[in-house]
Amino acid sequence: MSAPKARQIGDPKAPVVIVEYSDFQCPSCASVDPTIHQFLDIYKGKIRLIYKYYPLTKIHKHAMESAHAAECAATQDHFWPYHDRLFQTQLSWAPLADATTSFMAIAQEVKLDMPKFQACYADPTRVKPIEQDALEAQAHQVTGTPTFFIGDERLVGQVVVTDGARSIEKALRR
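Nothing here was measured: the structure is a model prediction, and the numbers come from that model. (Residues numbered from 1 in each chain as written. Predicted model: local features only at pLDDT ≥ 70, side-chain atom pairs only at ≥ 80, totals over all residues. Heavy atoms only, no water.)

**Here's the deal with the state of the cysteines**
Applying the stated criterion to the full structure yields one disulfide. One disulfide in the model links cysteine 72 with cysteine 120; its S-S distance is 2.2 Å. On the sign convention where negative is left-handed, the bridge of cysteine 72 and cysteine 120, at about -85° about the S-S bond, is left-handed. With cysteine 72 in helix H2 (residues 63–74) and cysteine 120 in helix H6 (residues 114–122), this pair connects stretches of sequence that are 48 residues apart. Summarising the burial analysis for this pair, cysteine 72 and cysteine 120 share the class buried. (Disulfide = S-S within 2.5 Å. Helix = DSSP H or I, 4+ residues; strand = E, 2+ residues; numbered from the N terminus. Buried < 20%, exposed > 50% of the residue type's maximum accessible area, 1.4 Å probe, protein only.)

In structure tokens form, the structure reads like this:
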């Protein structure tokens, strides 16, 4: 379960790797994000987080577009600031008929090269990594978001808030 460096955060040599399958339009994904940031602070040097796209396109109309925008931010090494702003502003762009303006505004906010971002966002081939992550998720029987793999444990949904630290501690003891 690897991913480009742009979608990894934490110590590259950390003993514990957390893999998150997520959808930027998923309310539960947005609500657990602050907890994941806390884990990264608390377990600094001990964990590495790998973000994997799993857009639930049947229930979230902007799932693929938001992932596409984030992938374009990743090409400029700004995945994490863009990721954070997508979740922080989710309630404002999720109900829109067309969220493109919101995605462009976030790109400006995190100081992306706008012509490069716009060209990437207009390029349908840029969804390939998203589709690859989704296929990988299905191969791992991921059926909902967020789904986390911490060591050999699978945590689905809000349970990461209550059980995430225990799973990290358990993985660190191995």
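Still more ground to cover, so stick around.
**Observations regarding the sheet that holds strand E5 (residues 153–156)**
With mixed pairing, the five strands of this open sheet are ordered in space as E1-E3-E2-E4-E5. The strands lining the two open edges of the sheet, one partner per strand, are strand E1 (8–10) and E5. Strand-to-strand twist across the sheet, computed as the mean angle between neighbouring axes with direction ignored, equals 20°. Of the pairings in the sheet, the one linking E1 to strand E3 (residues 47–53) comprises three bridges and is antiparallel in character. What sits directly across from isoleucine 9, in E3, is leucine 49. With respect to the sheet, helix H1 (residues 27–42) is in contact with E1, strand E2 (16–22), E3 and strand E4 (147–150), its orientation differing from that of E3 by roughly 155°. Packed onto the sheet, helix H8 (residues 159–173) meets E2, E3, E4 and E5 and runs at close to 165° relative to E5. (Pairing = 2+ DSSP bridges. Axes fitted to C-alpha atoms, helices over the stretch in contact; angles between N-to-C directions. Contact = heavy atoms within 4.5 Å.)

**Here's the deal with the pattern of salt bridges**
Inspection of every chain in the model, using the stated rule, returns 10 salt bridges. Taking the shortest distance from any N to any O, the salt bridge between arginine 7 and glutamate 71 comes out at 3.4 Å. Here the residue arginine 7 occupies a position in the segment before E1, and glutamate 71 occupies one in helix H2, the gap between them amounting to 64 residues. Across the pair arginine 166 and aspartate 163 runs a salt bridge, and its minimum N-O distance is 3.7 Å. Placement of the pair is arginine 166 and aspartate 163 together in helix H8, with a separation of three residues, close to one helical turn. (Salt bridge = Lys/Arg side-chain N within 4 Å of Asp/Glu carboxyl O.)

**Details of the pairing of E3**
Most of E3 sits inside the fold, with seven of its seven residues counted as buried. Burial of the side chains of E3 extends over both faces: Ile47, Leu49, Tyr51 and Tyr53 are buried on one face and Arg48, Ile50 and Lys52 on the other. Note: E2 against E3, seven bridges, orientation parallel. Residue serine 22 lies in a different strand from E3, and its bridge partner there is tyrosine 53. Note that the unit made of E2, H1 and E3 has a crossover that is right-handed. (Right-handed = clockwise from strand over helix to strand, strands pointing away.)

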